[in-house]
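# Summary of structural features
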Amino acid sequence: MPKSETINQTNRINLYWNCPAEEVLNSVGSSIEGLSSETASKRLKTYGRNILITSQSGNTLKLFLNRFRNPLILILVIAAFVSVLVHDWVDALIILGIIFISAVLSFVQEYRASNAVEKLRQRVSVKTTVVRNGQIQVCSHEEIVQGDVVKLSAGSLIPGDGILLEARDFFVSQALLTGETFPVEKQPGVVSESAGLAERSNCVFMGTSVRSGTATSLIVNTAQETYYGQIAGKLLLQPPETDFERGLRHFSGLLLRIMVAVVISVLAVNIILHRSTMDTLLFAMALAVGLSPELLPAILSITLAHGAHEMAKCGVIVRRLNSIENLGSMNVLCTDKTGTLTEGVIHLDGALDINGQPSEIVMRQAYLNSSFQSGLNNPLDEAVVKAAEAVRLDISDYHKVDEIPYDFIRKRLSVVLKTNHDTQPLMITKGALQNIIKICNRFQCGNGLELLDDSARSEIQEKYADWSQQGYRVLGVAQTTLPQKKRYGRDDENTLVFIGFLLFFDPPADGVQHTLNGLQKMGVNVKIITGDNHLVARHVAEKVGMKDYLTVTGTELATMNDEALWHLAPKVAIFAEVDPNQKERIILAIQKSGYVVGYLGDGINDAPALHVADVGISVDKAVDVAKEAADLVLLEHDLEVVRKGIDEGRRTFANTIKYIFLTTSANFGNMISMALASLYLPFLPLLAKQILLNNFLSDIPAMGMATDKVDDEWKSTPHRWNIRLLTNYMITFGLISTIFDILTFAVLLYLLKASPDLFRTGWFVESLLTELIIAMVLRTYKPFYRSRPGRLLLWTTLVVMVVSIIMPFLPVTTIFGFVPLPPTVMIVLGGITVLYVIAIELAKRAMHWRIG
């Protein structure tokens, strides 16, 4: 091919919105029957998977290098550099060795954790319906390649940029790219070469979602070649800060202020006392690192990943790790009733005429509507088809002429059908009863038609209310003949004939009352948010044992200002007849009242509420846009699975908080002790390398905190970050630690007349032992001897304790400045440690008694 021709074809592909569909199909080497499986496989190998690579996408090397971005690690690197400048090579190597070993340990654990989580996420990856070899099949979103022909329907996430080959009442939400508030209609055709992104009405784009209708699209660009891929780095903003992250940020600020104040004070006083500037500087740097839980990022990742793995065993796949802590803190769960409070297996209980009598005509017309509709699969249509097939209704004479898809404004769906004997097409419409009655002016009574006047409408409404109170979901069915034409639209849905009712029943799920009671005992209040009428919602609430029936309808919400809703929302048990955009408003109102809110939803209109909730929960069979918006995905649509997930979330939250409580309490006490000792003693109480070694060894058991056992008392109630409690813990137990450190100083200096090296060795052993023991005591509300720790935590603690005792006697540890401890010193240190354990246990009981 001549060069000029190649360039011309490339330009035509780049301007695909300005080309006829046949030309674009040829340009990408495809056809209306899609690619062959062999071609698709080759393109996937050549161009890679349909995955966005953003600035936040990590790799192994980047994950390892991130270990050294921690400001505390940088302080240690500076300390090592200072040691090099003064030719203290041994200290420099020790500091760098500790840094490297800590980084490797945390990297290995976090790398394994992130891989495990990624494998779990793959279990709920988004699927796409694609045409290959002329056959419809389902494949992963990531396997879509240029030239694929994909089928799109309500709820689909669009897997790449492309043009429309076919479309029917097709509306797309593309606010992510264009900022448009409302869904826009798309249809095949050719638009101007200069058309902007928002003006390309014949195109669909990756990152957007289908709101309603159906379409067939040709994918032209994937991954980084899409518009979304080119700006993904800018669009990938940080998700809203979770309650846990907010608490962690505030506590980090508190630690930083304490650290700066103490370090500057120690540095200034030691300089005033004319002590070695270099030793004092290294000591101050090590002191700063000693206070901080520098392994916290790694511990968080390990704990969350372990939590995600355990939750997967319960049937909950975690898509966003930080949501686990929020799940543990959650005290309000909002959910629809279908599939959670009810079985989710809907049965058609009756197809009735206007008099409430069984009608074969209503059954047949409903079957025709459900069989020929091509939109989103839903349990109501499945129930109609199943019931009709059970009585062997034959509809083989009919063929489809057109369809007017369902949308959430009309709340109805119409199909236009015809047989070979008909001269005029027949439109059958099925949907929410009120929305069907609205477009009817007559009703069928026997073989004749009568005017649908106010009296008839009133009778229909009475039947509707009576059935709703019995727990039935009621739809209406109507029909009319239409003149022959090529296309039919929403304007044709008028002056229909009402022919009858469809009664669906979804019985309460087995065991749901027990699950609700369990959630109530765990401090989680369940609220129903549904589009169904309030009578059906109240019936379900009563059957499943909910004790509160305070109900607010969508109509009432529409007239209520935000302030009124903020005060009312926490008290309401049922929000019924709500519109899709009202769900988000309800969630925000409950959050405004100080609650941590979870939302369980699986529909197209649930995505906004899933996004704003503290914990968005969807199910594996949900529409793509709902799964993508969710933090957690349930493999089974079962409220009991949520309860188990909450239990695991609280365990994960508890172990994360435990690490922070224990580490900051012990580190704070040690730092205060060293700061005070440095002001009084004629020598530094510990060398910088000894402080770092102490910190490193005490962090090894912390790796096992992720698998530690948690008291049932903790898991019985939701917990949130409590800065005041955390500060009280740190100060109370830190000061107790300081008191025993001072006792140790006094014994070593005045009773045992220890030299500087013996003093440092003795205090190193005592401070490490007490830090390990405080973890065993404070990890539980119970007396420590009544609560068995996790196996990994227990054994790593015992090993490090043994290492700390024998370390002074090992020849190699002389490089750290250690000397062997006489038996008298060991006995005294053992006695002080026992007294310390007793004091900590008594103080813990007093604090827990005081705070309840």
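Look up a bit, the structure's there.
A brief structural summary. (Residues numbered from 1 in each chain as written. Predicted model: local features only at pLDDT ≥ 70, side-chain atom pairs only at ≥ 80, totals over all residues. Heavy atoms only, no water.)

## Some thoughts on the side chain of Glu 771
Mapping Glu 771 onto the fold places it in helix 28 (residues 756–778). Here Glu 771 occupies a buried position and makes no salt bridge, while the nearest side chain of opposite charge, Arg 779, is found at 15 Å. Beyond its immediate stretch of four places on either side in the chain, Glu 771 contacts Ala 666, Asn 667, Asn 670, Asn 694 and Ser 698. (Helix = DSSP H or I, 4+ residues; strand = E, 2+ residues; numbered from the N terminus. Buried < 20%, exposed > 50% of the residue type's maximum accessible area, 1.4 Å probe, protein only. Lys, Arg positive; Asp, Glu negative; His and termini not counted. Salt bridge = Lys/Arg side-chain N within 4 Å of Asp/Glu carboxyl O. Contact = heavy atoms within 4.5 Å.)

## Remarks on the sheet that holds strand 23 (residues 632–634)
One open sheet accounts for 8 strands, arranged 8-23-22-21-9-18-20-19; its pairing is mixed. The sheet is open, and its two edges are formed by strand 8 (316–318) and strand 19 (551–553), each paired on a single side. Looking at each pair of strands side by side, their axes are set apart by 20° on average, direction ignored. Taken together, the 3 bridges between strand 8 and strand 23 define a ladder with antiparallel strand orientation. Bridge pairing in strand 23 places Val 316 opposite Leu 634. (Pairing = 2+ DSSP bridges. Axes fitted to C-alpha atoms, helices over the stretch in contact; angles between N-to-C directions.)

## Regarding the pattern of salt bridges
Enumeration over the complete set of coordinates arrives at 23 salt bridges. Put simply, Lys 313 and Glu 310 hold a salt bridge, and the shortest N to O gap is 3.3 Å. With Lys 313 and Glu 310 both in helix 11 (residues 296–313), this residue pair falls 3 residues apart, about one helical turn. Classification of Lys 313 as exposed rests on a relative accessible area of 60%. Residues joined by salt bridges that share partners form a network here, namely Arg 168, Asp 402 and Arg 487.

## Quick word on the nonpolar core
Among the nonpolar cores identified, the biggest contains 67 residues, and Leu 341, Phe 575, Ile 617 and Leu 639 are the most heavily contacted of them. Non-local contacts of Leu 341, meaning those with residues more than four positions away in its chain, are made with Pro 508, Ala 509, Val 512, Leu 516, Ile 528, Val 540, Val 544, Met 546 and Leu 639. Grouped together as the second largest cluster of nonpolar side chains are 46 residues, Ile 258, Val 262, Ile 299 and Ile 773 included. (Core = buried A, V, L, I, M, F, W, Y, C linked by side-chain atoms within 4.5 Å.)

## Details of a negative patch on the surface
A contiguous patch of negative charge, built from Glu 450, Asp 453, Asp 454, Glu 459 and Glu 462, is present on the exposed surface. In terms of residue count, the dominant contributor to the negative patch is helix 16 (residues 454–469) (3 residues). For Glu 462, the location among the structural elements is in helix 16. (Patch = residues over 30% accessible without salt bridge, like charges linked within 9 Å, V, L, I, M, F, W, Y side chains within 5 Å. Areas by Shrake-Rupley, 256 points an atom, 1.4 Å probe, with all protein chains shown as cover. Charge placed at Lys NZ, Arg CZ, Asp CG, Glu CD.)

## Notes on the pairing of strand 22 (residues 615–619)
Burial within strand 22 is extensive, with 5 of its 5 residues counted as buried. Bridge count between strand 21 (residues 597–600) and strand 22: 3 bridges; the pairing is parallel. Each bridged residue has a counterpart across the sheet, and for Gly 598 the counterpart in strand 22 is Val 615. As paired elements, strand 22 and strand 23 share 3 bridges and run parallel to each other. Residue pairing in the sheet places Val 619 in a bridge with Leu 634 of strand 23. Read as a crossover between parallel neighbours, the route from strand 22 over helix 23 (residues 624–629) to strand 23 is right-handed. (Right-handed = clockwise from strand over helix to strand, strands pointing away.)

Shape descriptors only; they carry no functional weight alone.
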